[in-house]
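Letter by letter, the chains look like this.
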Amino acid sequence: GAALGGAARLLRARLRVENRYDFVLLGGVRVRHRLEVDGALVGETAPAPLPAPVPPHCSAIFDAAVELSWEHRSGQAAASRRNPMLPREAFLSVEVSEAAPSAWAPAGFVIATE
């Protein structure tokens, strides 16, 4: 689930990360979050490592926080600046990429999106 909270205007979410590899520990990756409201990007994070590696065929729950920056978007009404989530359509995207180059992909290669 996701919640808007705090004076810093953060969207906080709990995300389940599932490792679908057969034998490889999921740990050498970077995760990036992007929040779009009505098609406009209103917040994103820099790619960061997972808080802990995830064993093969397992999943783990991690917290995520995206700082909202809708004040800087042109063309939005003053009311939407106070709360961009209501009554709008919002999508939180998660992108997982390789942290370091491997035999099959360069660093930064996207291996999963949701």
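Here we summarise the structure given alongside this text. (Residues numbered from 1 in each chain as written. Predicted model: local features only at pLDDT ≥ 70, side-chain atom pairs only at ≥ 80, totals over all residues. Heavy atoms only, no water.)

1. Some remarks on the overall build of the protein chain
To keep it simple, the criterion reads: Here a strand is any run of E in DSSP of at least two residues, a helix any run of H or I of at least four, and the numbering for each starts at the N terminus. Only protein chains enter the area calculation, which uses a 1.4 Å probe; residues under 20% of their type maximum are buried, those over 50% are exposed, and those in between are partly exposed. For this analysis, residues touch if any pair of their heavy atoms sits within 4.5 Å.
Along the protein chain, the regular secondary structure elements total one helix and eight strands. Ordered by position from N to C terminus, the α and β elements of the protein chain give β-β-β-β-β-β-α-β-β. Among the 114 residues that make up the protein chain, the fraction classed as buried is 26%. Partitioning the intrachain contacts of the protein chain with sequence separation of at least 6 by distance along the chain shows that 58% fall at a separation of at least 24.

2. As for the side chain of S97
Residue placement: S97 occurs in strand β7 (residues 90–98). Among residues more than four places away in sequence, those in contact with S97 are G28, V29, R30, G108, F109, V110 and I111.

3. Quick word on the environment of T45
Following the sequence through the fold, T45 ends up in the loop between β4 (40–44) and β5 (48–49). When the C-alpha atoms of T45 and R34 are compared, they prove to be 6.6 Å apart, with eleven residues separating the residues in sequence. Dropping the residues within four chain positions of it, T45 is found in contact with V31, R32, H33, A65 and V66.

4. Some details on the packing of aromatic side chains
This is how the line gets drawn: Each Phe, Tyr or Trp ring (for Trp, its six-membered ring) is paired with any other whose centre lies within 6.5 Å, and the angle between the two planes then decides the class: stacked below 30 degrees, edge-to-face above 60, tilted in between.
Applying the stated criterion across every chain, the model contains one aromatic pair. Note on W104 and F109: the rings are 5.6 Å apart at their centroids and 85° apart in plane angle, and the pair reads as edge-to-face. Exposure remark for F109: the relative accessible area of 39% places this residue in the partly exposed category.

5. Topic: a nonpolar patch on the surface
We count it as follows: Patch members must show over 30% relative accessible area and no salt bridge, and they are joined within 9 Å when carrying like charges or within 5 Å when they are nonpolar side chains of Val, Leu, Ile, Met, Phe, Trp or Tyr. Using a 1.4 Å probe, the Shrake-Rupley method yields the accessible areas, and only the shown protein chains count as cover for residues. Just to be clear on terms, a salt bridge is a Lys or Arg side-chain nitrogen sitting within 4 Å of an Asp or Glu carboxyl oxygen.
A surface patch of nonpolar side chains, amounting to about 590 Å² of accessible area, comprises Y21, F23, V24, W104 and F109. As for its placement among the helices and strands, F23 is situated in the loop between β2 (10–18) and β3 (29–37). Among the residues examined, F23 registers a relative accessible area of 77% and is labelled exposed.

6. Some thoughts on the side chain of H33
With respect to the element layout, H33 can be found in strand β3. Take H33: its relative accessible area is 11%, and that puts it in the buried class.

7. Considerations on the nonpolar core
Selection rule: Working definition of a nonpolar core: buried Ala, Val, Leu, Ile, Met, Phe, Trp, Tyr and Cys residues. They are joined through side-chain atoms within 4.5 Å.
In terms of nonpolar packing, the biggest core is built from twelve residues, these being A13, L15, V17, L26, V29, V31, L50, V54, F62, A64, V94 and V96. Sorting the residues of this core by element identifies β2, β3, β6 (59–67) and β7 as the ones contributing at least two each. Examining the composition of this core, we find that three residues originate from one element, β2, more than from any other. When neighbours within four sequence positions are excluded, A64 is seen to be in contact with L11, R12, A13, L15 and H33. Ranked by size, the runner-up nonpolar core spans six residues in total, among them L35, V37, V42 and L68.

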